[in-house]
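Here are the chains, one letter per residue:
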Amino acid sequence: MSGNHHDEGHTVAGWTGCAVAVVGTSVAGVGMCLGSAAGIWMGLGVVGLSVLVTWGLHLAGWGKPPGIRPVVERGMRVRDRAARAGHPACVGCRLAGRGRSVSTVVAVSSESVV
């Protein structure tokens, strides 16, 4: 079993986002048990906040890029220094305008097409 190395993504961004989401679902659950629409919506708002917190921490370098990281970079307290430039295959980085590939220039001839 020691031959298998898994990169499960234990990061500050992941654990913080998960903790905030657990609090949000707990608030929504208590609101549901009490029959309080305000409690349910407040809990769902906290769950939405957890997405933003996780995304912000990922962009700050406390998350991980897509794929498997080298073993020396798998520690939870290892910060990803490449996050500022963005990860090419990362949806979160793309939404933030980071990690986009350089656009290609297409040459167009001056002849008209009939």
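In case you missed it, the structure is sitting above this.
This text gives an overview of the structure that appears in the document. (Residues numbered from 1 in each chain as written. Predicted model: local features only at pLDDT ≥ 70, side-chain atom pairs only at ≥ 80, totals over all residues. Heavy atoms only, no water.)

Re the overall build of the protein
And then number 1: Per the secondary structure count, the protein includes three helices and zero strands.
And then number 2: Going from the N terminus to the C terminus, the protein shows its helices and strands as α-α-α.
And then number 3: Of all 114 residues assigned to the protein, the portion counted as buried reaches 22%.
And then number 4: Expressed as a percentage of contacts within the protein between residues at least 6 apart in sequence, the contacts between residues at least 24 apart total 53%.
And then number 5: Accessible surface for the protein amounts to roughly 8300 Å². Of this, 67% is attributable to carbon and sulfur atoms. (Helix = DSSP H or I, 4+ residues; strand = E, 2+ residues; numbered from the N terminus. Buried < 20%, exposed > 50% of the residue type's maximum accessible area, 1.4 Å probe, protein only. Contact = heavy atoms within 4.5 Å. Areas by Shrake-Rupley, 256 points an atom, 1.4 Å probe, with all protein chains shown as cover.)

Details of helix α2 (residues 37-62)
And then number 1: Here α2 contains 26 residues, and its C-alpha end-to-end distance of 35 Å stays within 8% of the 38 Å for a straight helix at 1.5 Å per residue.
And then number 2: Listed as buried for α2 are Gly39, Gly43, Ser50, His58, Leu59 and Gly61.
And then number 3: Buried residues belonging to α2 abut α1 (12-34) and α3 (91-95). (Expected span 1.5 Å × (residues − 1).)

Describing the packing of α1 against α2
And then number 1: Close contact between α1 and α2 brings their axes to 7 Å; oriented N to C, the two are set at 175°. Taken together, the axes of α1 and α2 lie roughly antiparallel to each other.
And then number 2: The residue makeup of the contact of α1 with α2, split by class, is 16 nonpolar, ten polar and no charged. (Axes fitted to C-alpha atoms, helices over the stretch in contact; angles between N-to-C directions. Parallel < 35°, antiparallel > 145°, perpendicular 65-115°, else oblique. Nonpolar A, V, L, I, M, F, W, Y, C, P; charged D, E, K, R; others polar.)

What about the side chain of Asp80?
And then number 1: Mapping Asp80 onto the fold places it in the loop between α2 and α3.
And then number 2: Arg69 provides the closest opposite charge to the buried, salt-bridge-free Asp80, at an N-O distance of 7.6 Å. (Lys, Arg positive; Asp, Glu negative; His and termini not counted. Salt bridge = Lys/Arg side-chain N within 4 Å of Asp/Glu carboxyl O.)

As for α1
And then number 1: For α1, spanning 23 residues, the distance from its first C-alpha to its last is 33 Å, which sits close to the expected 33 Å at 1.5 Å a residue.
And then number 2: Every buried residue belonging to α1 is among Ala13, Gly17, Gly24, Ala28 and Gly31, and all of these are buried.
And then number 3: Just beyond α1, the residue with positive phi is Gly35, at close to 75°.

Here's the deal with the state of the cysteines
And then number 1: What the rule picks out here adds up to zero disulfides.
And then number 2: The cysteine Cys93 is free of any disulfide, with Cys90 supplying the nearest cysteine sulfur at 3.7 Å. (Disulfide = S-S within 2.5 Å.)

Concerning the side chain of His58
And then number 1: Here His58 shows up in helix α2.
And then number 2: Look past the residues within four positions of His58 in its chain and what remains in contact with it is Ala13, Gly63, Lys64, Ala83, His87, Cys90 and Cys93.

So, the environment of Thr11
And then number 1: Checked against the element boundaries, Thr11 lands in the segment before α1.
And then number 2: Accessibility expressed as a relative area gives 6% for Thr11, which makes it buried.
And then number 3: A C-alpha to C-alpha distance of 5.5 Å links Thr11 and Gly63, two positions 52 residues apart in sequence.
And then number 4: Once residues within four sequence positions are removed from consideration, Thr11 is found in contact with Trp62, Gly63, Lys64, Arg69 and Met76.

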